[in-house]
Amino acid sequence: MSSMSPEQIKAATRQAWEKSAGGWNRQTPQIHAWLAPATAAMLDGAHISAGMRVLDMAAGAGDQTLDIARRVGSGGSVLATDISASILQFAQENAQRAGLDNVETRVGDAEQLSLDEASFDAAVCRLGLMFCPEPLLALRQAYRALKPGGHAAVLVFSEPQHNPCIGILMSTALQHAGLPPRDPFQPGSLLSLGKPGLLDALFREAGFTDVTTSRIAAPFRLPSAEDYLSFVRTSASPIMQMLGQLDAAAQEAAWAAMKDKLQAFQSPSGWVGPNELLLSQGTRPAQ
Ligand SMILES: C[S@@+](CC[C@H](N)C(=O)[O-])C[C@H]1O[C@@H](n2cnc3c(N)ncnc32)[C@H](O)[C@@H]1O
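Given the structure is predicted, the values throughout are model-derived calculations rather than measurements.

Caption draft 1: Looking closely at the overall build of the protein chain. A tally of helices and strands in the protein chain yields 10 helices and 10 strands. A principal-axis box enclosing the C-alpha atoms of the protein chain has dimensions of 55 × 40 × 35 Å. Split into buried and exposed, the 287 residues of the protein chain put 55% on the buried side. Relative to all contacts within the protein chain whose residues are 6 or more apart in sequence, the contacts with residues 24 or more apart total 82%. If you sum the accessible surface of the protein chain, you get close to 11800 Å²; carbon and sulfur atoms cover 53% of it.

Caption draft 2: Structural view of the packing of aromatic side chains. This structure, assessed with the given rule, holds 13 aromatic pairs. Centroid distance Phe220 to Phe231: 5.0 Å. Interplanar angle 70°. Geometry classified as edge-to-face. Note that Phe220 is positioned in strand E7 (residues 220–222) and Phe231 in helix H8 (residues 225–235), a separation of 11 residues in sequence. Across the pair, Phe231 and Phe220 agree in class, each one buried.

Caption draft 3: Representation of empty space enclosed by the protein. With the rule as written, the count across this model stands at one cavity of 30 Å³ or more. The computed volume of the largest cavity comes to approximately 560 Å³. As for the largest cavity, its lining consists of 36 residues, of which Trp17, Leu127, Gly128, Met130 and Phe131 are closest to the centre. Taken together, the elements giving at least two residues each to the lining of the largest cavity come down to helix H1 (6–26), helix H2 (28–45), helix H6 (164–176), H8 and helix H9 (237–243). Per-class residue counts for the lining of the largest cavity are 24 nonpolar, eight polar and four charged.

Caption draft 4: Expanded view of the site of the ligand. Inspection of the region around the ligand gives 19 residues, with Ala58, Asp82, Asp109, Ala110 and Arg126 positioned closest. Within the backbone of Ala110, a nitrogen or oxygen atom sits 2.8 Å from a nitrogen atom of the ligand. Between the ligand and the protein, one listed contact pairs an oxygen atom with a side-chain N or O atom of Arg126 at 2.6 Å. The fraction of the free accessible surface of the ligand (590 Å²) that becomes covered by protein chains is 98%. Of the pockets mapped on this structure, the ligand occupies the largest cavity. With four residues, the single largest contributor to the shell around the ligand is H1. Here the residues of the shell around the ligand sort into 10 nonpolar, five polar and four charged.

Caption draft 5: Layout of the nonpolar core. One finds Leu129, Tyr228, Ile239 and Leu262 to be the most contacted residues of the largest nonpolar core, which totals 91 residues. The contact partners of Leu262, leaving out residues within four places of it in the chain, are Cys165, Ile168, Leu169, Ala225, Tyr228, Leu229 and Trp271.

Caption draft 6: Structural detail: helix H3 (residues 63–72). Among the 10 residues that make up H3, seven are buried, leaving the element largely enclosed by the rest of the structure. Within the span of H3, buried status applies to Asp63, Gln64, Thr65, Leu66, Ile68, Ala69 and Val72. Where H3 is buried, its residues meet H2, strand E1 (53–57), strand E2 (77–82), helix H4 (85–97), strand E3 (103–107) and strand E4 (120–126). Looking one or two residues past H3, Gly73 carries a phi angle of roughly 70°, positive in sign.

Caption draft 7: Highlighting the sheet that holds E7. One open sheet accounts for three strands, arranged E7-E9-E8; its pairing is antiparallel. Each edge of the sheet is formed by a strand with only one pairing partner; in this case those strands are E7 and strand E8 (266–267). Examined bridge by bridge, E7 and strand E9 (residues 270–273) share three bridges and lie antiparallel to one another. Bridge pairing links Arg221 to Val272 in E9. Sitting on the sheet, H8 is in contact with E7, E8 and E9, with an inclination near 115° to E7.

Caption draft 8: Region of interest: the pattern of salt bridges. Across all of its chains, the model carries 13 salt bridges by this definition. The closest approach of N and O atoms between Arg126 and Asp63, which form a salt bridge, is 3.1 Å. Taken together, the residues span a long stretch of sequence, with Arg126 in strand E4 and Asp63 in helix H3 at a distance of 63 residues. Classification of Arg126 by relative accessible area gives buried; the value is 5%.

Criteria and cut-off values
Numbering of residues begins from 1 in every chain and follows the order in which that chain's sequence is written. Reporting in this predicted model follows two pLDDT cut-offs: at least 70 for local features of residues, and 80 or more for side-chain atom pairs to be given and counted; totals over whole chains, interfaces and linings ignore these cut-offs and use all residues. Side-chain descriptors were evaluated using all non-hydrogen atoms of the structure, hydrogens and water having been removed beforehand. Helical segments are the DSSP runs of H or I of at least four residues, strand segments are the runs of E of at least two, and each set is numbered from the N terminus. Remark: exposure states derive from per-residue accessible area (1.4 Å probe, protein chains only) relative to the maximum for the residue type, with buried under 20%, exposed over 50%, and partly exposed in between. Contact definition: two residues touch when any of their heavy atoms are within 4.5 Å. Using a 1.4 Å probe, the Shrake-Rupley method yields the accessible areas, and only the shown protein chains count as cover for residues. Only the six-membered ring of Trp is used, alongside the rings of Phe and Tyr, when aromatic pairs are assigned; centres must lie within 6.5 Å, and planes under 30 degrees apart are stacked while those over 60 apart are edge-to-face, with the rest tilted. Points on a 1 Å grid, built from protein atoms alone, make a cavity when a 1.4 Å probe fits but cannot get out and make a pocket when they are open with protein on both sides within 12 Å along at least 5 of 7 lines; residues with an atom within 4 Å of a point are the lining residues. Grid points are joined across faces, edges and corners, and a volume is the space filled by probe spheres set on the points. Only Asp, Glu, Lys and Arg are considered charged in this grouping, and only Ala, Val, Leu, Ile, Met, Phe, Trp, Tyr, Cys and Pro are considered nonpolar; every other residue, Gly among them, is considered polar. The nearness test applies per residue and asks whether one of its heavy atoms lies within 4 Å of the molecule or strand. Any pair of N or O atoms that falls within 3.5 Å is considered a polar contact. Within protein, one atom must be able to donate a hydrogen and the other to accept it, and sequence-neighbouring residues count only if both atoms are side-chain atoms. Assignment to a cavity or pocket requires that more than half of a molecule's atoms be within 2 Å of the site's grid points. Among buried residues, the Ala, Val, Leu, Ile, Met, Phe, Trp, Tyr and Cys ones that are joined through side-chain atoms within 4.5 Å form a nonpolar core. Strand pairing is assigned whenever DSSP identifies at least 2 bridges connecting the two strands. With axes taken as lines fitted to C-alpha atoms, and helix axes fitted only over the stretch in contact, angles between N-to-C directions fall between 0 and 180 degrees. Salt bridge criterion: a side-chain nitrogen from Lys or Arg within 4 Å of a carboxyl oxygen from Asp or Glu.

Next comes the structure, spelled out in structure tokens:
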């Protein structure tokens, strides 16, 4: 990926999420349970309350969009944006099914949204900003779209040592694909914004003040390692991107090797995969 231009990275990411859209949507109940405390902290971090207009970037199938829509109520609204039209279609359908008529969707790259200046009270991005090869551009878009005094809050994965399952998936996938180990902080990759201090620096560079970052434990609790792998196989597009280059037998060998290693997180009460997220937040200063 490092030899690819930002536009090439985004084209590959879009294509991968177009393929994983249905899988990510089907996994919504598991994802909701996994991320519920972190999502609530993100919404609090962006100071989201009744009546607000909120920008949700890289919204995916809209799980957090629906939480926002409920929080802002009928007097407020959410614009859910994503680079993948297919996944955003699920967000729209999920909102309709939930009876929420205050959700709009717009397909768009977070780095080039070109929304009306100062038209939102708050902006969020849950597990999407790290896929942007130039995340500063996306933060500048959020800053521009916010009204003075508005708040942004973003959730990303922290360092590799606090997200060991991702490390296992990536290193095993690379090894089986015959690829050399990668810099875990490579732009546009799952852990790209986990480097300590990086996200704060980007928020400040985009113009935000009162920037803070906190760590949130987000253990993924499932009955077994097989359940985690079935989540990954249907919805974790970065891993699928790496394994996509292998023939079927080699892919199966890679999945079997991952399963062996992931068994380490099995406990008598079920499988618990440790994850840690960073929640960064900042304010567009009031003029
Ligand atoms: C891990 S999913 C998260 C979706 C949703 N926010 C959630 O937490 O359920 C990552 C999402 O980021 C989107 N994405 C990746 N790169 C993007 C970009 N440059 N602009 C907008 N969306 C992007 C993908 O299409 C995908 O829907």
